[in-house]
Amino acid sequence: MFPSRSSVIFLLLALQWAAGSCSQWCQAPERVCDFVCDCDDCSDEQDCGYNGKHFDCDFEDVGMCGWTEPSSSGTFRWERLQGGDILSDSGPSSDYTTGTATGWFMGVSAVTAESPDTAVLISPEIQQTSPTCRLCLRYFLWDSGHTGLGSAPLWATINHFDSQQAVVWRPEASSIHGWREDTIFLGRIASPFQIRFNSQRKEGRTGDVAIDQLEFLDCALPLPLVGKACPSGMFECGREGCVEQRQVCDGTDDCGDGSDEKDCGYQLCDFEQDWCGWDNRSISSLKWIRTNQLSLSTTDPQKGPGRDHSENTAAGSFLYVTVPDDGLKQDWASFQSPPLQPTNSSHPCKMVMYTHQFGPRSGGLTVLVVDRAIYPVWERGGALGDLWVKAEVEIVTNTSFQILIMAAIRNYTYGGIAIDSILLSPECRISTETVSVEKLPDSPKDPCTDREKLCDFHADCEGQEDEAKCGDFSYPQGSSGWTDASIGSQGWTLYKTEEEEYLYVVSASGQQLTDAQTRTPLLGPTGPACTMTFDFALTGHPDHIGDLSVTLIDSVLGAGPKMFEYSGKTPADPEEWQSAEILIGFRKNRFQVAFEARAMKLCNCVRIKVKNVRFHNCRADYYPSPPTGLSCNFESGLCGWYQDNDDNFDWTELDGVDHTIGVGKSLVVDMWSPSLRGTFGRLISFPQPPGSTDHCLSFFYKLYGPNPGTLNVKLLLKGGAETVIWSHTGSDGNMWHEATCPVGRHIDDFQLVFEAVRSGFDGRVAIDDVSVLSEPCGMPRRCSFEGGLCGYTRSGKVPWLHLSGQRTSAHRPQSDHTLESSLGSYMLVDTSGSNLPSGETTVLVSPVRHGTSSAECLNFWYQMGGENPGSLTVYVKQIDGRRVKIFSTSLNRAGVWRHGNGNIRGTLVDWQVEFEVVGRGGRDAHIAIDDIFLSPLPCEEQGAVCTLENGLCSWSNTQNIQVDELDWELTSQEAEQHYPTPLRDHTLKTEKGHFLSLPSSDQTAAMQRAHLLSPHLPPTKGTCLSFWAYKTHPVRRQLSVWILSNGRLNQLLELSDLWESWKRFEVDIASTEEYQIVFQGIKGQSGVLALDDIQYTVGVNCELKHTDTAPQDNTGGIAASIVVVVLIIITLTVVLYYYLRNKGKSDSTPSPSANGGFSSDIYDGDDTDFNNFRERETA
């Protein structure tokens, strides 16, 4: 028994030791953070600047994948941020990974310093990388404060533990409010290192420099094939991994132990000691220099290549050419090899070199052979990025020759060309003969026009020479305009015979594992109708040939998303090509079009081909003439509108949700879309000619969801000036609303813009049935004064002012009602006695509205402030001049926006609304108007149930971002297609019935609030609030009722029970001060809250008892007061008559009542009290 137990214990100890040993083995320091998962759970690759087997980092975890700030960091530092923290004025509105305010990213803090300060973000120690290692990331650079980004707002370095540092990435310092994608090519790093992200700024706001979504790709060295030999055609490394034969003796340590670069017989020149016999003499005054990064600059990250190729350090040497400090006098530089012996096709001279072509100064590289003539044998155009790129050239000539390497340099602000690690094969033997050139090449022709006019789709030169080599195959030399920009093992080349020509993918010398890419020259600008057509084929024996895509590279914004993608295989018939068409659209910046492809396997049996590339209707000044002009229901395209390609996202056509026919198309921006990034998307009209008549823009719109953002309409003038002419923010219900806005007359061309602004992440913005009429607009149903006056005019000597809280004095409203911020606008008249004398009148007049047979309700918000501000009366004025008063008040409750309304009787006569203000000789006084809304239904009775079938009644969502983040949404189960809802409303008990909903989702953070506010209600001893509520079961959603008085919130009721059916609640309200009722909903991550049939009975409690004195502002009270006043006047008249008749008697006959009778002490007719008695103020 005991031996058996001992055996078991021994076995357990052995297993524990083995497990511990295995754990220790895979966690050994040299195996941690080397891009190889040695542990089964990949725990050895955690917190390495990336996490786990995918080697990525999205900063969603609080550990930040091991990235840290140095302990000595000052106030300017990197921070882990969310878009919601800084959404209003700086930084990205969302992270890149999730595209929502709940996602995390790394951004810099705000900084204000006398001299530039630097923030540093440091990775953990990484062991080593392969030559193909690259780091793909998303970055954000925006100058929100308009103080300038500086020359180096963001760059990356690798730092070794011997304090050596090398710059590896330098994005262009351009300010764009959106995430951009780039790649850092780390290359072969043979010893432990750290990556550092640096930001240097003198002044800036939080989050204006940010990074997110890091992905390390192809960074591991070749892994041993345990128990297996290398496949045929592969080279076996000393550490038992395998590499391709093309990687052997190419000047790069692909194996990781140098075994692939041993015993090569190649002549290697790494320029560490000298020029190795290469000759720098040239007739050009622009010279190559042998230098290193330490000599070029250690403080300016924009200078030089940052590191050499052979050592991958700042101390390593290379050849370099750029614009000299004294300016560019000649734009080319060359150097050449010593004379070399003749070669043949079986033993060609093979040269390998590594080039670094960075920044706009890089015009391209050419390798020429100098024998009896001078001719090119290899070319690489333009800038390729911040990396060293491998190039191979084979030379066959039957005479002695020299290799001539020539660089073209452009006169721009930064960049240059570097060369390093030139290898010559043993067949490149030194010759004692002198190379004699019998024929010199022709000098290149000067451009026939300015560089910016080349390839702009407008022929400026004779014979259209400036458009001949721009990539359009319809020109005889058009196909030659495509330039291979590949940096990997596959590239593009041109096949051209008299019968056909096409571009196709071939094997290339580059070492990166990236797609083959070929580009046009810089094209454009273009107009909105510009398209590109082409034919393509992916043919061969395998079932899956590869991938083909098209990308547009903007000269300012960089590469955009793929515009075309095809994967797999086209039909088997080799003569059967597929056709494609791509909308390029309006582009104000110059751009390049790029074909990108990758074959799964390259051989003679596989072809990825492109031909017949054509550009159509691309002139910048070409705009088609749609039959309906700007009027559009979007059923058959965008009519006279186009997508702005300089914004962050596009409007999309949506089937089944439209205003026109209910099941047609509309244009939408879904803020909840996981693919949406950035802040705004714009739809722009074709230019409209000037004219002498007014124009009216009419459209239908939706803004719905708890966080839908803003819809703006802008006027875009020639020269780029923009003016907001209409705006709406926040939820407006899941229903279509009509809007109109006057465009006015213009002396020059103008354009209109629909702009969706993503200030939230959970909602939809939609437009439909747009029309532009050559006539003035009528009175709009809604006017917030955010974009202008909505056609309202001012009558009287004293003007009404269009103001915002930012441009006003202390005794005027500091915020509007619409946005509840100082950025919002409203209309105001200064009623101080010095501006509007007592009794003087000023009027705000609406545009004319056509009469209808049904009654309507005019709603508006007003504010009265200061001492004695005067009175506000609202009239409906018919075209025959007759005025009907529908509202009047002179109460002054300073600093509060109040709701007013009045019924407009149905009439077929056209009419206008007049807001009339009469001065009372006030001091620092004002009356302001905001948010005018004309409801198509009569005003509701005070105390009536708000069924929500005809809108929000007098309830409103607050837009104050200091109070809440979300909105209650007016919707129905039938109309809802995105959010969860109750199956039916409470009022109608059908799916068509409406209710207020607060859905929960993961688009925004949990525990965010939505406040629904009543109008201001009078003090009460007992007012009953009743409502029906619905709440689904998931946790962390709350519904409560509060009263708001003098800025203080007091909770009345919290609904903590969970239920999934409509349930009625009621609560008595008592307040000694004026107050508002607040429904507060707090969202979770799923489920929904809902409200319906809301009612408050002022002065009547829930037991139906009258608790307050009857209000004095009703019609019966006014009539009774008039009767009393008339009786008093009659009595006074009678008394005065008898008094005068008996005056003589009184004079001659003293009486005890000689000093009696009525006097002003007994009755004082106070005008103010009388007016207050007459006022009608709707709560």
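The structure presented is a predicted model; accordingly, all values stated were derived computationally and were not measured.

Enquirer: Got a minute to help me understand the sheet that holds strand β57 (residues 1009–1013) in this structure?
Expert: In sheet architecture, strand pairing relies on hydrogen bonds along the backbone and comes in two forms, parallel and antiparallel. One open sheet accounts for five strands, arranged β54-β57-β62-β59-β60; its pairing is antiparallel. Whereas interior strands pair on both sides, the edge strands pair on one side only; in this sheet they are β54 (956–957) and β60 (1048–1055). Here strand β59 (residues 1038–1045) runs beside β60; their pairing, made up of seven bridges, is antiparallel. Of the residues in β60, the one forming a bridge with I1043 is N1050.

Enquirer: I tried to follow the sheet that holds strand β49 (residues 871–878) on my own but got confused; where do I start?
Expert: With antiparallel pairing, the five strands of this open sheet are ordered in space as β44-β47-β52-β49-β50. A strand with exactly one partner marks an edge of an open sheet, and here the two such strands are β44 (793–795) and β50 (883–889). Strand after strand, the sheet turns through a mean of 25° between neighbouring axes, direction not considered. When β44 meets strand β47 (residues 841–845), the two strands line up antiparallel, connected through three bridges. Directly across from R794, in β47, lies its bridge partner L844.

Enquirer: Any chance you could explain the pairing of strand β21 (residues 402–409) here in plain terms?
Expert: Regular strands place their side chains on alternate faces of the sheet. Burial runs high along β21: six of the eight residues are buried. With five bridges joining them, strand β16 (residues 332–336) and β21 adopt antiparallel strand pairing. Among the inter-strand pairings, F335 is bridged to a residue of β21, identified as I405. Of the strand pairs in this sheet, strand β18 (residues 362–370) and β21 are connected by eight bridges, and their pairing is antiparallel. Within the sheet, the bridge partner assigned to T366 lies in β21 and is M406.

Enquirer: I tried to follow the nonpolar core on my own but got confused; where do I start?
Expert: Nonpolar side chains in soluble globular proteins tend to be buried together. Within the largest apolar cluster, 41 residues are counted, with the highest numbers of intra-cluster contacts made by W78, L186, I195, F197 and I211. Within the residue set of this core, elements represented by two or more residues are β3 (104–108), β4 (111–122), β5 (134–141), β6 (155–160), β7 (165–169), β9 (193–204) and β10 (209–217). Ignoring any residue separated from it by four or fewer positions in sequence, one finds L186 in contact with C133, R134, L135, I158, V168, I195, F216, R307 and N312. If you look at the next biggest cluster of nonpolar residues, it comprises 34 residues, including F534, I545, I584 and C618.

Enquirer: What should I look at first to understand the confidence of the model for the protein chain in this one?
Expert: Should pLDDT be low for a region, the predicted coordinates there are not to be read in detail. Of all residues in the protein chain, 90% have pLDDT values of 70 or greater, and the mean over the chain is 87. In the model, residues 11–15 has pLDDT below 50 throughout and makes zero contacts with residues more than four positions away in sequence or in other chains. Segment residues 1111–1179: pLDDT under 50, and 46 contacts once partners within four positions in sequence are set aside and those in other chains are kept.

Enquirer: Can you walk me through the state of the cysteines in this structure?
Expert: A covalent bond between the sulfur atoms of two cysteines is what we call a disulfide. Applying the stated criterion across every chain yields a total of 20 disulfides. The partner cysteine of C448 in its disulfide is C461, sulfur to sulfur 1.8 Å. Between C448 and C461 the sulfur-sulfur dihedral comes to about 90°; the bridge is accordingly right-handed. Taken together, the residues span a long stretch of sequence, with C448 in the loop between β22 (416–424) and β23 (483–484) and C461 in the loop between β22 and β23 at a distance of 13 residues. Assessed through its relative accessible area of 12%, C461 is described here as buried. Disulfide pairing places C530 opposite C618 at an S-S distance of 2.0 Å. Residues C530 and C618 share a disulfide whose torsion about the S-S bond is about 70°; that sign makes it right-handed. You can see C530 sitting in the loop between β26 (516–519) and β27 (531–540) and its partner C618 sitting in the loop between β32 (606–616) and β33 (641–643), a full 88 residues away along the chain. Each member of the pair, C530 together with C618, is buried. Sulfur of C136: no disulfide; nearest cysteine sulfur belongs to C219 and is 11 Å away. Not part of a disulfide, C741 finds its nearest cysteine sulfur in C777, a span of 6.3 Å.

Definitions and limits used
Residues numbered from 1 in each chain as written. Predicted model: local features only at pLDDT ≥ 70, side-chain atom pairs only at ≥ 80, totals over all residues. Heavy atoms only, no water. Pairing = 2+ DSSP bridges. Helix = DSSP H or I, 4+ residues; strand = E, 2+ residues; numbered from the N terminus. Axes fitted to C-alpha atoms, helices over the stretch in contact; angles between N-to-C directions. Buried < 20%, exposed > 50% of the residue type's maximum accessible area, 1.4 Å probe, protein only. Core = buried A, V, L, I, M, F, W, Y, C linked by side-chain atoms within 4.5 Å. Contact = heavy atoms within 4.5 Å. pLDDT = per-residue confidence, 0-100. Disulfide = S-S within 2.5 Å.

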